[in-house]
Amino acid sequence: MEHPRLREVLSKAAEKRDSFIIGLAEKYGYRPYMIARYLEMLGKEETLLLLEGNQTPLPKTIRCNDYLIPCNELEDRLERKGFVLTPIPSFSPYGYKVEKAPISVGATHEYLLGYYFVQGAASMSIVHAMDLNQGTLILDMAAAPGGKSTQILQLTRDRSLLVSVEKNKRRIRALRANLQRMGFKNYIIYHADNRQLPFESAFHSILLDAPSTGEGIIRKDPKRKQSKLINDIIFIHSIQVEMLLKAIQYARRGSSIVYAACSLAPEEGEMVIDFVLSKIKNIKIEEININASRAIQSYFGVEFNPEIRKCKRFWPHREGFEGFFVCKVRKIE
Amino acid sequence: MNKKIRKLNKKEKDLIINYLFSINLEFKKINCIIHNLIVLEISGGSHKDVFLPSKTQLDFLLKYNFIEKIYSLGLYFGLIGRSGFEPSLPLAREFAPLCSKECSLNCIFLSENSMKKFLYGKQVLIRESDLSCVESGNVLVVSHAREPLGWGVVRRLQNKYGHSGLLLTPVKDLGWYLRRGG
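So, here is what we can say about the structure in this document. Everything quoted here is computed from the prediction, not taken from an experiment. In this convention, every chain numbers its residues from 1, walking through the sequence in written order. Lettering for chains starts from A, numbering for ligands starts from 1, and both go in the order in which the items are written. Reporting in this predicted model follows two pLDDT cut-offs: at least 70 for local features of residues, and 80 or more for side-chain atom pairs to be given and counted; totals over whole chains, interfaces and linings ignore these cut-offs and use all residues. Where side-chain values are given, they derive from all heavy atoms of the structure, hydrogens and water being excluded.

A closer look at the overall build of chain A
Secondary structure elements follow DSSP: runs of H or I of four or more residues count as helices, runs of E of two or more count as strands, with numbering from the N terminus. From N to C terminus, chain A includes 11 helices and 15 strands. The size measure is the radius of gyration over C-alpha atoms, and the globule rule it meets is 2.2 Å times the number of residues to the 0.38 power. Against the globule reference of 20 Å for 333 residues, chain A gives a C-alpha radius of gyration of 20 Å, in line with a compact fold. Each residue is assigned to one of three classes by its accessible area relative to the maximum for its type, calculated with a 1.4 Å probe on protein chains only: buried under 20%, partly exposed between the two thresholds, exposed over 50%. When burial is assessed residue by residue, chain A has 62% of its 333 residues classed as buried. Contacts were defined at the residue level, with two residues in contact if any of their heavy atoms lie within 4.5 Å. Taking contacts inside chain A between residues at least 6 apart in sequence as the whole, the part at least 24 apart equals 74%.

Written out as structure tokens, the structure is:
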């Protein structure tokens, strides 16, 4: 299943190969179809800002686990060890940018004790878009390595039952280790394909941080500038659509699904939501109160459902961290 | 790969009761815990995982009957393998608040230097700045601030000159999360 105009927009992107596009692709090391898409979304000036922004490594950020330690105490402990931290309250009240680290942030006693999680700033703001109440049933559909699962339990003080699902055998070990390390108990981990779960209308709140092509984390993985072809985008788009349709099935009436993808590709964001809105009648999109840019409204001649304006995007050159798409879908009563 | 969730059998219960007695956990607490433990058994697996789930978790399991895909749930209590019961790191966190310098539970309090060695999975020769509640046997290892560090076994050593000291051998330490955790 895919958006009826998916292949058309991707062909348009692939066909645009003027000297400006080729020049930028060569200078910054991207595939030309990617540059054509950025120009379509951002125009010339901002595309240059994005390409320059993607040249700088992603800042290290951590999320303090205030379920185990007051954050000011963690700050003191890490600062005594020579770390320099700056709070990033617009992303999360528990988020810090690590300005200076005398040793790896993943190798301190405080890390082993579960006092913090090494997590991208945009990634940690996604969970704040969810409806999180204590005493409810919550599903994290693609949970490893556990950044968002541990954050959900942190915000619900381990008092909601979280069902975390992960298909990948290697990554599920990290998920379990992180949930345990950070001191949580109120979870069930399933090693399963999230499209084959028996949980019809079961959950009060669902997070689908969908598998993506990773176009939002080029600052962390510069190989991504070249590693994905147009067919990879088509493939991942269809998986994302399938997963979101399933997520809607697993949600109780009246409950919400937060869809996220760490990608700048509209094919993995706006087009997924646009297609699902056209297929399912009993859903609507809700505004989310997180500090990010608006989703795009049109793309290579395709006008999206106006509801999509309520979805958000994190751009590396605007918000300063990884690229993400996030949208909140409500299953109507 | 068949998975099964069940209550502990008598042999498994005895193994865990013996371990909890060995660290001097109160009988009342043991009694409270032991009947609520469950085992996740995988046919052909090398060990069995033991969990302490909540009632909500058990209700969810029963309602959806999706047992064959379960990977972990609730408080991970430890594992039962060929060499007996091995307590988990989450269990160390659970019991750490029970450690006190009055030694109601068999704990060992490590100083910063000893802690570093222990968290690398190395044996630690106990110094004056450390405090051990026992001279031999199973211990819960914590920092002086009662932060859980893992599990170990203490024994008394004597060198050829007649000097003696305590040696702590790690069973499971927090460094495991970095070395093998995932």
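Notes on the interface of chain B and chain A
On the chain A side, the residues contacting the 31 residues of chain B number 35 residues. As a working definition, buried area equals the accessible area (1.4 Å probe) given up by two parts on being put together, with both sides summed. Surface buried jointly by chain B and chain A totals about 3,000 Å² across both partners, of which 62% is contributed by carbon and sulfur atoms. By definition here, a salt bridge exists when the distance from a side-chain nitrogen of Lys or Arg to a carboxyl oxygen of Asp or Glu is within 4 Å. Applying the counting rule to chain B against chain A returns 2 salt bridges. Of all elements in the fold, only helix 3 (55–64), strand 4 (70–73), strand 5 (75–81), helix 4 (89–95), helix 5 (112–119) and helix 6 (176–179) of chain B reach the threshold of two or more residues within the side of chain B that touches chain A. In terms of residue count, the dominant contributor to the side of chain B that touches chain A is helix 3 of chain B (5 residues). Of the residues in the side of chain B that touches chain A, the class split is 16 nonpolar, 8 polar and 7 charged. For two strands to count as paired, DSSP must find a minimum of two bridges between them. As paired strands, strand 7 (residues 187–191) of chain A and strand 4 of chain B are joined by 3 bridges and run antiparallel to one another. Along strand 4 of chain B, the bridge assignment pairs I189(A) with S72(B). Residue type decides the class: Asp, Glu, Lys and Arg count as charged, Ala, Val, Leu, Ile, Met, Phe, Trp, Tyr, Cys and Pro as nonpolar, and the leftover types, Gly among them, as polar.

Points about the sheet that holds strand 3 (residues 48–52) of chain B
Within a sheet, neighbouring strands are paired by backbone hydrogen bonds and run either parallel or antiparallel to one another. Residue and element names in this part refer to chain B. Taking strand neighbours across the sheet as the criterion, the 5 strands line up as 1-2-3-5-6 in an open arrangement whose pairing is antiparallel. The sheet terminates laterally at strand 1 (3–7) and strand 6 (84–87), the two strands that pair on one side only. The mean inter-strand angle of the sheet, taken between neighbouring strand axes irrespective of direction, is 25°. Summarising the sheet, strand 3 and strand 5 pair through 5 bridges and their orientation is antiparallel. Across the sheet, K48 pairs through a bridge with I80, a residue of strand 5. Helix axes are fitted to C-alpha atoms over the stretch in contact, other axes to C-alpha atoms as well, and angles between N-to-C directions run from 0 to 180 degrees.

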